[in-house]
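# Coordinate analysis (summary)
Here is how the chains run, residue by residue.
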Amino acid sequence: MLLFGKLTTPEKKSVAVIAIFFVCAAVFWAGYEQAGSTLNLFARDHTDRSFLGSWFASGQHPVSWYQIAQAVFVLGLAPVFAWIWISLGRRGRDPSAGAKFGLGLLQLV
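The following refers to the structure shown.

Cut-offs and rules
- Residues numbered from 1 in each chain as written.
- Predicted model: local features only at pLDDT ≥ 70, side-chain atom pairs only at ≥ 80, totals over all residues.
- Heavy atoms only, no water.
- Helix = DSSP H or I, 4+ residues; strand = E, 2+ residues; numbered from the N terminus.
- Rg over C-alpha atoms; globule rule 2.2 N^0.38 Å.
- Buried < 20%, exposed > 50% of the residue type's maximum accessible area, 1.4 Å probe, protein only.
- Contact = heavy atoms within 4.5 Å.
- Areas by Shrake-Rupley, 256 points an atom, 1.4 Å probe, with all protein chains shown as cover.
- Lys, Arg positive; Asp, Glu negative; His and termini not counted.
- Charge placed at Lys NZ, Arg CZ, Asp CG, Glu CD.
- Axes fitted to C-alpha atoms, helices over the stretch in contact; angles between N-to-C directions.
- Parallel < 35°, antiparallel > 145°, perpendicular 65-115°, else oblique.
- Left-handed = near helix turned anticlockwise from the far one by under 90°.
- Nonpolar A, V, L, I, M, F, W, Y, C, P; charged D, E, K, R; others polar.

Another aspect to go through is the overall build of the chain. Within the chain, the regular secondary structure consists of four helices and zero strands. Taken from N to C terminus, the helices and strands of the chain fall in the order α-α-α-α. In terms of overall dimensions, the chain is more spread out than a globule: its C-alpha atoms have a radius of gyration of 21 Å, far above the 13 Å expected for 109 residues. For the chain, the spread of C-alpha atoms along the principal axes amounts to about 65 × 40 × 15 Å. Out of the 109 residues in the chain, the part that is buried amounts to 8%. Contacts in the chain between residues far apart in sequence, at least 24 positions, make up 37% of those at least 6 positions apart. Total accessible area computed for the chain in this model is approximately 8500 Å², and 70% of it derives from carbon and sulfur atoms. Counting 9 positive and 5 negative side-chain charges, the chain places the averaged centre of each group 12 Å from the other.

Direction vectors running N to C along helix α1 (residues 9-32) and helix α4 (residues 97-108) enclose 30°, while the axes themselves pass 10 Å from each other. Between α1 and α4, the crossing angle belongs to the class labelled roughly parallel. By crossing handedness, the relation of α1 to α4 is classed as left-handed. From α1, F21, C24, A25, V27, F28, G31 and Y32 reach across to α4, where they touch A97, G98, F101, G104, L105 and L108. Across the contact of α1 with α4, the residue classes tally to ten nonpolar, three polar and no charged.

Okay, here's the thing in structure tokens:
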């Protein structure tokens, strides 16, 4: 598209931004989807799971309990961030979509 699409300079810049967003989205979702596999194994091996451990024969609560954390954060923080964006928008200080995307990537780390 960039090389053979006979695009104008502003159109090429727009396509480049879309490509950058695409790569960033791939990085974000690659990290986000690790919760069910890699992060679960990390929690199993490197987390003190003795909280409420006396309720279980092994003395540790199940690793699967950590699977709910991702959904809790998404559902709990969505209204907070919606309020932040609306508040900033009313003041004329709403960040661009790219800035919001960048903040999402930083929070992934």
